[in-house]
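Each chain, written out:
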Amino acid sequence: QVQLVESGGGLVQAGGSLRLSCAPSKNIFNIIDMGWYRQAPGKQRDMVAFITSGGSTNYADSVKGRFTISKDNPKNTVYLQMNNLKPEDTAVYYCRIRRRVLEIQEYWGQGTQVTVSS
């Protein structure tokens, strides 16, 4: 079973930066897209950003201009560069990778905590 391993979370002051990484325990083939989601306490899990196999990106309005998603294809690794962080960015961040093998399969990371202090 493939596991996604996230890293890079932590505590940062408002205006600071963090870079999240997500790598699978073994190669994943036929990837459709790779993305980041976040969930704050008492709230639903929301999409932050995703990048397709072709390199197209999409961002939540709240992070546009501040966050950048990128990927390393040979390593199946996805990154999220987060700049100018705000307290409202505080959440557990999860990565997700989807692939198509007859049907769509998805894998989720265990989550990494990002806390932004004011």
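Before reading further, recall that the structure is shown in the block above.
Caption draft 1: A look at the sheet that holds strand E1 (residues 4-7). Spatial ordering of the open sheet is given by E1-E3-E8-E7, a layout of four strands whose pairing is antiparallel. Of all the strands in the sheet, just E1 and strand E7 (67-72) have a single pairing partner and so form its edges. Here the strands of the sheet are splayed against their neighbours by 15 degrees on average, with no regard to which way each runs. In this structure, E1 lies alongside strand E3 (residues 18-24), joined through four bridges in antiparallel fashion. Bridging from a neighbouring strand, leucine 4 pairs with proline 24 of E3.

Caption draft 2: Region of the structure containing the state of the cysteines. Taken as a whole and assessed by the stated rule, the structure comprises one disulfide. Here cysteine 22 engages in a disulfide with cysteine 95; their sulfurs sit 2.0 Å apart. Given an S-S torsion of about 50 degrees, the disulfide between cysteine 22 and cysteine 95 has right-handed geometry. Of this pair, cysteine 22 sits in strand E3 while cysteine 95 sits in strand E9 (residues 91-101), placing them 73 residues apart in sequence. The same class applies to cysteine 22 and to cysteine 95, which are both buried.

Caption draft 3: Region of interest: the nonpolar core. Ranked by size, the top nonpolar core spans 29 residues in total, and within it Trp36, Leu80, Met82 and Tyr93 carry the most contacts. Mapped onto this core, the elements with two or more residues apiece are E3, strand E4 (31-39), strand E5 (46-52), E7, strand E8 (77-82), E9 and strand E11 (112-117). Of the residues forming this core, the biggest block, four residues, is contributed by E9. Those residues in contact with leucine 80, other than ones at most four positions away along the chain, are Leu18, Arg19, Leu20, Trp36, Val48, Ala49, Phe67, Thr68, Ile69 and Tyr93.

Caption draft 4: Inspection of unusual backbone geometry at higher detail. We note that asparagine 30 has phi near 60 degrees; this positive angle belongs to a residue other than glycine. One non-glycine residue, asparagine 84, lies in positive phi territory at about 50 degrees. Structurally, the position occupied by asparagine 84 is in the loop between E8 and E9. With a relative accessible area of 41%, asparagine 84 lands in the partly exposed category.

Caption draft 5: Region of the structure containing the environment of alanine 14. With respect to the secondary-structure elements, alanine 14 resides in the loop between strand E2 (10-13) and E3. Linking alanine 14 and serine 56, residues 42 residues apart in sequence, is a C-alpha distance of 29 Å. Contacts of alanine 14, omitting those with residues within four sequence positions, involve Leu85, Pro87, Val116, Ser117 and Ser118.

Caption draft 6: Representation of the pairing of E8 in the model. Of all the six residues making up E8, five are buried; the element is thus mostly covered by neighbouring parts of the structure. Two elements, E3 and E8, share five bridges in a ladder whose sense is antiparallel. Directly across from arginine 19, in E8, lies its bridge partner glutamine 81. As judged from the six bridges shared by E7 and E8, these two strands associate in the antiparallel manner. Looking at the pairing, threonine 68 lines up with glutamine 81 of E8. Where E7 folds back onto E8 in an antiparallel hairpin, the turn is made up of four residues, including asparagine 76, whose phi is positive at roughly 55 degrees.

Each value, and the rule that gives it
- Residues numbered from 1 in each chain as written.
- Predicted model: local features only at pLDDT ≥ 70, side-chain atom pairs only at ≥ 80, totals over all residues.
- Heavy atoms only, no water.
- Pairing = 2+ DSSP bridges.
- Helix = DSSP H or I, 4+ residues; strand = E, 2+ residues; numbered from the N terminus.
- Axes fitted to C-alpha atoms, helices over the stretch in contact; angles between N-to-C directions.
- Disulfide = S-S within 2.5 Å.
- Buried < 20%, exposed > 50% of the residue type's maximum accessible area, 1.4 Å probe, protein only.
- Core = buried A, V, L, I, M, F, W, Y, C linked by side-chain atoms within 4.5 Å.
- Contact = heavy atoms within 4.5 Å.

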